[in-house]
Amino acid sequence: VCAPSALVELAVGHPLDLDGFRLVHKATLVVGDVGFVVAAAALARALGWARPRRLALVLYLCPSSFVVGAWFGQLDLIVVALLLASAARLVGFAERGRGLASGLALLHLAVLTKQLAWFALPAFGLLVLLGLRRRGDLGQWIGAALSPLVWLLPDPLLTLPHGHLSHLVWVVARSVGHVDYVVASGASLWSLFVQGGVPVDDVRWLGLDARSWSWIAWLGAQGVFAARALRDPSPRRLVLFAGFGLLAMATLLTGVHERYIAQSIPLLLLADRGPGWRRALGWITGVVSGLYVLGTILGDAWDGVRVWLLRPEPVALCALAWLVALLVRRTPEADRSAA
């Protein structure tokens with residue numbers, strides 16, 4: 001958020017006021033929106049779609065994408081663009097032996113930009129391993145193993161809170177307000193049963209609070225999906241796994257925000273070659289979730305529309321149905337026919 005404005009301040013020689021900062025920030029996000037389209041087209045091309053640029057534009061026009069970008073003022077679409085670009089390069093490495101360094105650099109940049117990218121790391125790690133097993137030499141194995149050290153590079157540039165030696169420790173250990181509630185502003189599974197603002201400690205079952213049960217659900221879903229993907233691993237299945245991890249985060253975890261689901265939808269829609277009804281369910285989830293985000297940022301003049309849009313139940317039910325559909329085993333014949 002602050003790096004582009006800092007560069008502009010260095011160039012003009014004086015601090016930006018609020019209007020100037022907003023202009024630089026919005027311009028940066030517009031570049032991110034364009035980058036999303038370019039990265040989505042690159043991944044679509046790597047995964048064998050016939051019209052990658054057209055599909056990328058349609059993905060951007062899906063409400064779950066364009067609503068959370070420059071218009072909202074959030075960084076989520078930039079993170080999605082980095083993940084899409086990384087996936088495109090790593091798929092290329094697994095299939096043709098080129099793109100490992102740039103794919104890893106884009107992945108680490110996504111992780112450093114927003115910690116939500118961590119939920120896709122297990123799948124991306126498996127994608128890197130698949131590529132290394134197929135195409136990697138000793139130097140590439142060593143470079144990939146050491147590459148997470150770049151996560152420490154920002155530390156000399158930061159003023160860290162007392163007692164913390166690394167920003168990574170601070171990010172993991174600190175308490176963010178919205179994660180202390182079962183339902184923040186998100187439309188997770190929990191929003192079907194619990195009102196917003198209820199502390200996680202107030203919802204308990206078998207001695208565990210809601211946060212613990214949400215992590216159990218996420219890890220369980222990840223384990224089931226990973227076990228199936230690893231029986232016959234392919235770059236496409238592992239990209240699908242990355243999107244699944246992000247969708248499970250937004251659907252199953254407590255304390256999520258309403259825009260978090262946007263990170264999963266492009267990866268899933270680009271990687272899923274499954275039944276048409278399942279892909280249709282994904283597009284419906286993208287539209288419904290995007291409209292829900294839209295309802296949170298519309299002005300007072302749209303109160304009547306906001307009341308209709310600000311219902312978490314449709315988003316939660318669509319996302320949960322899509323999550324379950326992705327976990328359903330498909331027959332080998334169906335998988336071959338989709339490919």
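Everything in this summary refers to the structure shown in the same document. (Residues numbered from 1 in each chain as written. Predicted model: local features only at pLDDT ≥ 70, side-chain atom pairs only at ≥ 80, totals over all residues. Heavy atoms only, no water.)

**Here we look at unusual backbone geometry**
Part 1 of the argument: We note that Leu206 has phi near 55°; this positive angle belongs to a residue other than glycine.
Part 2 of the argument: By the element assignment, Leu206 lies in the loop between strand 1 (204-205) and strand 2 (208-209).
Part 3 of the argument: We classify Leu206 as exposed; its relative accessible area is 66%. (Helix = DSSP H or I, 4+ residues; strand = E, 2+ residues; numbered from the N terminus. Buried < 20%, exposed > 50% of the residue type's maximum accessible area, 1.4 Å probe, protein only.)

**Some thoughts on a nonpolar patch on the surface**
Part 1 of the argument: Taken together, Leu138, Ile142, Leu146, Leu149 and Leu152 make up a surface patch of nonpolar side chains, about 500 Å² in accessible area.
Part 2 of the argument: Within the fold, Leu152 resides in the loop between helix 8 (138-146) and helix 9 (167-173).
Part 3 of the argument: Look at Leu152 and you get partly exposed, because its relative accessible area is 39%. (Patch = residues over 30% accessible without salt bridge, like charges linked within 9 Å, V, L, I, M, F, W, Y side chains within 5 Å. Areas by Shrake-Rupley, 256 points an atom, 1.4 Å probe, with all protein chains shown as cover. Salt bridge = Lys/Arg side-chain N within 4 Å of Asp/Glu carboxyl O.)

**Points about the pattern of salt bridges**
Part 1 of the argument: Inspection of the entire model under this criterion finds five salt bridges.
Part 2 of the argument: Where Glu95 meets Arg96, a salt bridge forms, and the shortest distance between an N and an O atom there is 3.7 Å.
Part 3 of the argument: Given a relative accessible area of 46%, Arg96 falls into the partly exposed group.
Part 4 of the argument: Residue Glu313 is joined to Arg311 by a salt bridge in which the shortest nitrogen-to-oxygen separation is 2.8 Å.
Part 5 of the argument: Classification of Arg311 by relative accessible area gives partly exposed; the value is 44%.

**Considering the nonpolar core**
Here is a general trend for soluble globular proteins: nonpolar side chains tend to be buried in one another's company.
Part 1 of the argument: Formed by 86 residues in total, the largest nonpolar core has its most connected members in Leu43, Leu84, Met249 and Leu270.
Part 2 of the argument: Sorting elements by how many residues they give to this core places helix 5 (residues 76-96) first, with 14 residues.
Part 3 of the argument: Contact partners of Leu84, with chain neighbours within four places excluded, come to Phe36, Ala39, Ala40, Leu43, Pro266, Leu267 and Leu270.
Part 4 of the argument: Counting six residues, the second largest nonpolar core, distinct from the first, contains Val182, Trp190, Val194 and Val200. (Core = buried A, V, L, I, M, F, W, Y, C linked by side-chain atoms within 4.5 Å. Contact = heavy atoms within 4.5 Å.)

**Overview of the packing of aromatic side chains**
Part 1 of the argument: Tallied over the full model, the rule gives seven aromatic pairs.
Part 2 of the argument: When the ring of Phe36 is compared with that of Tyr60, the centres are 6.2 Å apart and the planes differ by 50°; the resulting orientation is tilted. Of this pair, Phe36 sits in helix 2 (residues 18-46) while Tyr60 sits in helix 3 (residues 52-61), and the two are 24 residues apart along the sequence.
Part 3 of the argument: Their ring planes at 15° and their centres at 5.5 Å tell us that Phe225 and Phe241 sit as a pair that is stacked. Here the residue Phe225 occupies a position in helix 10 (residues 210-231), and Phe241 occupies one in helix 11 (residues 235-252), the gap between them amounting to 16 residues.
Part 4 of the argument: Owing to a relative accessible area of 7%, Phe225 belongs among the buried residues under this scheme.
Part 5 of the argument: One aromatic cluster in this structure is built from Phe119, Trp215 and Trp218.
Part 6 of the argument: The lysine or arginine in question, Arg273, covers the ring of Trp49, its NZ or CZ lying 3.9 Å from the ring centre. (Phe/Tyr/Trp six-rings, centres within 6.5 Å; stacked < 30°, edge-to-face > 60°. Lys NZ or Arg CZ within 6 Å of the ring centre and 35° of its normal.)

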